[in-house]
Amino acid sequence: MTAPIPRDIPDLPAIPSPSALKPAPVPATAVVTPVRRPAAAAFRLLVALAAAGGVTLELLLGDPSRALSHFTIQSNMLLALVMALSARRAWTPGRPLPGAVLGATLLYVVIAALVHHLLLANAASPFSLTGEAATPTGRQALSHAVLNTVTPIAAVLDWLLLTSPGRMHLRQAGMWLLYPMAYLAFCLTRGELLLPGTPDRYLYPFLDVGQDGFKRVLGNALLLGLSFYALAVLLVAVDHARPKPIRHRWKTGFRL
């Protein structure tokens with residue numbers, strides 16, 4: 001005979017379900033060992049020296065406080081610092097600088113170059129410079145050429161040929177405009193603090209409140225701000241669409 005089945009079966013403990021493992025993103029540097037890139041390091045060091053030399057020449061040729069107030073000078077100072085750090089990391093080797101930093105620096109020097117060539121140095125522009133500022137000579141012309149043409153082109157070439165694509169993001173475009181907005185506030189505040197009739201009271205013709213009034217200046221700033229944002233979006237789009245730079249391995253074992 002079999003034993004009777006008890007009517008009350010004690011509750012059995014629940015079997016724990018296996019915990020789901022969440023995928024953890026692995027940075028590329030944990031898989032691929034960074035390598036030295038002497039050619040990239042040398043090029044970036046040259047760009048940093050060119051930007052620093054142009055800024056130094058501008059400071060020596062004119063009023064340092066006025067020169068440091070210009071957007072071109074400030075953006076090239078940032079470019080010199082970023083390129084020097086990037087050169088060190090390419091030579092060490094080390095992780096590259098964040099894409100947000102590189103994108104912001106590139107945007108600022110390109111903005112400075114476009115404003116100079118399309119608005120200030122363009123005779124057909126309503127904001128073109130006049131007098132000695134329109135036709136610099138000697139060392140002044142050299143510094144203008146370096147800061148407004150040479151270093152911006154070099155920064156674009158470094159971005160296209162020596163950096164990996166897809167490191168910029170659209171959400172960063174708005175953040176990059178914080179500095180131009182702060183610079184606009186600085187220029188307008190500076191102009192209000194200086195006495196009327198002071199030379200170069202407003203640093204740029206399209207920001208001259210004394211001549212055009214606040215309403216027109218704010219309209220100019222709005223149009224420029226929209227153009228800068230469109231340029232930032234374009235840089236992000238190109239950064240994701242461009243192919244990966246070709247790197248060659250030489251006999252030294254370094255990958256360029």
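Preceding block: the structure.
Here the structure is a predicted model, which is why all the values come from computation and not from measurement.

To continue, consider the overall build of the protein. In terms of helices and strands, the protein carries 9 helices and 0 strands. Its helices and strands in sequence order give the protein the pattern α-α-α-α-α-α-α-α-α, from N to C terminus. A total of 256 residues make up the protein; the buried ones form 35% of that total. Of the contacts made within the protein by residues no fewer than 6 positions apart, 72% connect residues no fewer than 24 positions apart. Taken as a whole, the protein presents about 16,000 Å² of accessible surface, with 69% of it coming from carbon and sulfur.

Running from N to C, helix 8 (residues 178-193) and helix 9 (residues 209-241) point in directions that differ by 170 degrees, and their axes come no closer than 11 Å. Between helix 8 and helix 9, the crossing angle belongs to the class labelled roughly antiparallel. Residue-level inspection shows Pro180, Leu184, Leu188 and Glu192 of helix 8 in contact with helix 9, the latter providing Val209, Phe214, Val217, Leu218, Ala221 and Phe228.

Turning to a nonpolar patch on the surface, a few remarks are in order. Together, Ile153, Leu157, Leu160, Leu161, Leu234 and Val238 line one region of the surface with nonpolar side chains, adding up to about 500 Å² of accessible area. Counting residues per element, the ones that place at least two in the nonpolar patch are helix 6 (138-162) and helix 9. Per-element accounting of the nonpolar patch gives the leading share, 4 residues, to helix 6. As for its position among the elements, Val238 is in helix 9.

The next subject is helix 2 (residues 38-61). In a regular helix each residue adds 1.5 Å, so 24 residues correspond to 34 Å; helix 2 covers 34 Å between its end C-alpha atoms and thus fits that length. Every buried residue of helix 2 is listed here: Pro38, Ala40, Ala41, Arg44, Val47, Ala48, Ala51, Gly54, Val55, Leu57 and Glu58. Contacts from the buried residues of helix 2 go to helix 3 (64-67), helix 4 (71-91) and helix 6.

So, on to the side chain of His70. Along the polypeptide, His70 turns up in the loop between helix 3 and helix 4. In this structure His70 touches Tyr183, Leu203 and Tyr204, once residues within four positions along its chain are discounted.

One pass over the structure, following the stated rule, counts 4 salt bridges. Of the charged contacts in the structure, one is a salt bridge between Arg66 and Asp200, with a shortest N-O distance of 2.6 Å. Of the two residues, Arg66 sits in helix 3 while Asp200 sits in the loop between helix 8 and helix 9, which places them 134 residues apart along the sequence.

The next subject is the nonpolar core. Counting residues in hydrophobic clusters, the biggest one holds 42 residues, and the most contacted among them are Leu107, Trp176, Tyr204 and Phe206. Listed by contribution, the elements that provide at least two residues to this core are helix 2, helix 4, helix 5 (99-120), helix 6, helix 7 (171-176), helix 8 and helix 9. For this core, the element with the most residues is helix 5, which contributes 11 residues. Discounting residues that sit within four places of it in the chain, Trp176 has contacts with Gly99, Ala100, Gly103, Ala104, Leu107, Tyr108, Met168, Ala232 and Val236.

What follows deals with the environment of Met77. Looking at where Met77 falls in the secondary structure, it is placed in helix 4. Each C-alpha atom of the pair Met77 and Thr105 lies 9.8 Å from the other, and the pair is 28 residues apart in sequence. Ignoring anything within four residues of it in the chain, the contact list for Met77 reads Val55 and Leu68.

Applying the stated criterion across every chain yields a total of 9 aromatic pairs. Plain terms: the ring middles of Phe71 and Tyr183 are 5.3 Å apart, the flat faces sit at 75 degrees to each other, and that makes the pair edge-to-face. In this pair, Phe71 sits in helix 4 while Tyr183 sits in helix 8, placing the two residues 112 residues apart along the sequence. Residue class for Tyr183 comes out buried when judged on its relative accessible area of 6%. Aromatic pair Phe127 and Phe206: ring centres 5.8 Å apart, planes at 85 degrees, arrangement edge-to-face. A residue pair is termed long-range when its members are at least 10 positions apart, and Phe127 in the loop between helix 5 and helix 6 and Phe206 in the loop between helix 8 and helix 9 qualify at 79 residues. Both residues of the pair, Phe127 and Phe206, belong to the buried class. Among the aromatic residues, those joined into a ring-pair cluster are Phe71, Tyr108, Phe127, Tyr179, Tyr183, Phe186, Tyr204 and Phe206. Note that Arg36 overlies the ring of Trp91, its terminal NZ or CZ placed 3.9 Å from the centroid.

Here we come to the packing of helix 4 against helix 5. Relative orientation of the contacting elements helix 4 and helix 5 amounts to 145 degrees, with a least axis distance of 9 Å. Remark: the crossing between helix 4 and helix 5 carries left-handed chirality. Across the interface between the two elements, Phe71, Thr72, Ser75, Leu78, Leu79, Val82 and Ser86 from helix 4 touch Val101, Leu102, Thr105, Tyr108, Val109, Ile111 and Ala112 from helix 5. Partitioning the contact of helix 4 with helix 5 into residue classes produces 10 nonpolar, 4 polar and no charged.

Conventions adopted
- Residues numbered from 1 in each chain as written.
- Predicted model: local features only at pLDDT ≥ 70, side-chain atom pairs only at ≥ 80, totals over all residues.
- Heavy atoms only, no water.
- Helix = DSSP H or I, 4+ residues; strand = E, 2+ residues; numbered from the N terminus.
- Buried < 20%, exposed > 50% of the residue type's maximum accessible area, 1.4 Å probe, protein only.
- Contact = heavy atoms within 4.5 Å.
- Areas by Shrake-Rupley, 256 points an atom, 1.4 Å probe, with all protein chains shown as cover.
- Axes fitted to C-alpha atoms, helices over the stretch in contact; angles between N-to-C directions.
- Parallel < 35°, antiparallel > 145°, perpendicular 65-115°, else oblique.
- Patch = residues over 30% accessible without salt bridge, like charges linked within 9 Å, V, L, I, M, F, W, Y side chains within 5 Å.
- Salt bridge = Lys/Arg side-chain N within 4 Å of Asp/Glu carboxyl O.
- Expected span 1.5 Å × (residues − 1).
- Core = buried A, V, L, I, M, F, W, Y, C linked by side-chain atoms within 4.5 Å.
- Phe/Tyr/Trp six-rings, centres within 6.5 Å; stacked < 30°, edge-to-face > 60°.
- Lys NZ or Arg CZ within 6 Å of the ring centre and 35° of its normal.
- Left-handed = near helix turned anticlockwise from the far one by under 90°.
- Nonpolar A, V, L, I, M, F, W, Y, C, P; charged D, E, K, R; others polar.

Read these as spatial facts, not as claims about activity.
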